[in-house]
Amino acid sequence: MRPPDSGDYGRPITEAEAEDLLHGICFKNGPPVSVGVELEWLIQEHRNPRRTIAADRLTAAHDQVRSLPLTSALTFEPGGQLELSSRPAASLMECIDSVAADLDAVRTALQPGGLSLTGLGIDPWQPPRRILREPRYDAMEAYLDRTGPYGRVMMCNSASIQVCLDAGEKEPGPLGHGRRWQLAHLLGAVLTAAFANSPVLGGQRTGWRSTRQAIWAGLDAVRPIAPPLDQEPRSAWTAHALDAPVMFIRTPTGPWEQPEGLTFRAWLRSGAPRPATRQDLEHHLSTLFPPVRPRGHLELRMIDAQPGDNGWMVPLAVVTALFEDPEAAETVYRTVKPLAEFAGELPAPINPLWVGAARRGLTDPELRSAAVSCFRLALEALPRIGASTAVCETVAAFNEHHVLRGRCPADDLLMETHRQEPTADGKEASP
């Protein structure tokens, strides 16, 4: 994030200029050639994940990791979660090899302090606690406190895997940006269900396989919602972004302003409390959280963080194979297109298809059937896009343990927490 410009905050822009910028920066057309991933991780005590880590100890761990010579960009979320964002890679294996090396370095640095990276969509045990104190997060917390009870959980206790793919070609077809935009929103429900991994919050089962996705969907009435899919993607996203409420207006000193009910379009037209700039537009876009966010590339945001050292590779490999291999892209679109019937007229992620994915995972028969087909197609395509034997075997193992059995990682966690729950006689329960 770039800091506010001193004095004039940059050159003011008009509504027409903002529309041109959105058209130009959000969907950059061209043959799909790059892939990237953003991995968020909870940092927990290795021996006792339920133990609260002292804030100064967590801060010291952050400083230690910052000193590492990483290829990926390193950032930390408000609650102390660690995020690695890969550079755009020319292939799936280039992306995996680069991030895997960085993860090895981070894990090695944390190990002497008894800390480890944990792949869960939501911290099952800890209450939200904000470690980072910055004007942006102060303003975000205050805004989300007004819209519902779970904003702080999202900021401080959640972790995801975000797969980033090129927007696609301008022309229609399996690699065209319009097709990829549609595919991302239909396949997204399948990915939510297959990789759901957050069924516990505050030590209690929530009734959702992906509590993280349920929380995102309920943040407010506009910010996490996808634009209409029956419209041209650029125009639909531009209108959606400009008509979304402004979360904050940056100031050079003191708390950032928080206008209530002001859309970005209204801000552009009124020029009050000060004229909006391109930097303001960029900040505004970063406060919109739809399940698929166009940022020049497509950012798929619906996947919970995954367990195990290599669990993160599975959604990255599956998504890349289904989008980048032309044969798989064409077939998977036909596979998931019928799911639109179950979605109905509401947008993702608040329509019945997406809600069912977050709540039931692959126990939903339609989503299970689609997931079985999608994983089969991905496993066929992975060798064609150069995936290593080890990556193919990791995806195949996930498919056999979860998808073919109608399970997701949340089901494993639910079984584990059931084992650990005491019975009336004080012994641990058995499943």
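1. Re the pairing of strand S9 (residues 297-304)
Of all eight residues that make up S9, seven are buried, and the element is covered over most of its length. Looking at chain direction, strand S5 (residues 160-166) and S9 are connected through six bridges and run antiparallel. The residue bridging Cys164 from the neighbouring strand is Glu299, located in S9. Strand direction decides the pairing type here: strand S8 (residues 292-294) and S9, joined by three bridges, are antiparallel. Note on S9: the bridge partner recorded for Val292 is Leu300.

2. Regarding unusual backbone geometry
In this chain, Ala272 is followed by Pro273 through a cis amide linkage whose omega measures 10 degrees. Mapped onto the fold, Pro273 is located in the loop between helix H9 (264-270) and helix H10 (278-285). For the bond running from Ala348 to Pro349, omega is 0 degrees, close enough to zero to count as cis. When you line up the elements, Pro349 lands in the loop between helix H13 (340-343) and helix H14 (352-360).

3. A word on the packing of helix H6 (residues 177-194) against helix H12 (residues 326-336)
Running from N to C, H6 and H12 cross one another at 55 degrees; their axes reach a closest spacing of 10 Å. Overall, the two elements H6 and H12 adopt an arrangement that is oblique. The two elements H6 and H12 meet at a crossing, and its hand is left-handed. Residues Arg179, Gln182, Leu183, Leu186, Leu187 and Val190 of H6 form the contact with H12, whose own contacting residues are Glu330, Val332, Tyr333 and Val336. Each residue belonging to the contact of H6 with H12 can be placed in one class, and the counts come to seven nonpolar, one polar and two charged.

4. Re the packing of aromatic side chains
The final tally for this structure, using the stated rule, is seven aromatic pairs. Centre to centre, the rings of Phe195 and Phe398 are 5.0 Å apart; their planes meet at 35 degrees, and the pair counts as tilted. Highlighted residues: Phe195 in the loop between H6 and strand S6 (200-201) and Phe398 in helix H16 (residues 389-401), separated in sequence by 203 residues. Classification of Phe398 by relative accessible area gives buried; the value is 9%. Both rings, one in Phe264 and one in Trp267, keep their centres 5.3 Å apart while their planes meet at 70 degrees; by these two values the pair is edge-to-face. One end of the pair is Phe264 and the other is Trp267, both in helix H9 and three residues apart, which spans about a single turn.

5. Section: the packing of helix H11 (residues 313-324) against helix H15 (residues 365-381)
Relative to each other, H11 and H15 sit at 80 degrees, their axes nearing to 8 Å. In this view, H11 runs roughly perpendicular relative to H15, as classed from their interaxial angle. Residue-level inspection shows Val314, Val318, Ala321 and Leu322 of H11 in contact with H15, the latter providing Cys374, Phe375, Leu377, Ala378 and Ala381. Its residues assigned to classes, the contact of H11 with H15 shows nine nonpolar, no polar and no charged.

What counts, and where the lines are drawn
- Residues numbered from 1 in each chain as written.
- Predicted model: local features only at pLDDT ≥ 70, side-chain atom pairs only at ≥ 80, totals over all residues.
- Heavy atoms only, no water.
- Buried < 20%, exposed > 50% of the residue type's maximum accessible area, 1.4 Å probe, protein only.
- Helix = DSSP H or I, 4+ residues; strand = E, 2+ residues; numbered from the N terminus.
- Pairing = 2+ DSSP bridges.
- Axes fitted to C-alpha atoms, helices over the stretch in contact; angles between N-to-C directions.
- Parallel < 35°, antiparallel > 145°, perpendicular 65-115°, else oblique.
- Left-handed = near helix turned anticlockwise from the far one by under 90°.
- Contact = heavy atoms within 4.5 Å.
- Nonpolar A, V, L, I, M, F, W, Y, C, P; charged D, E, K, R; others polar.
- Phe/Tyr/Trp six-rings, centres within 6.5 Å; stacked < 30°, edge-to-face > 60°.

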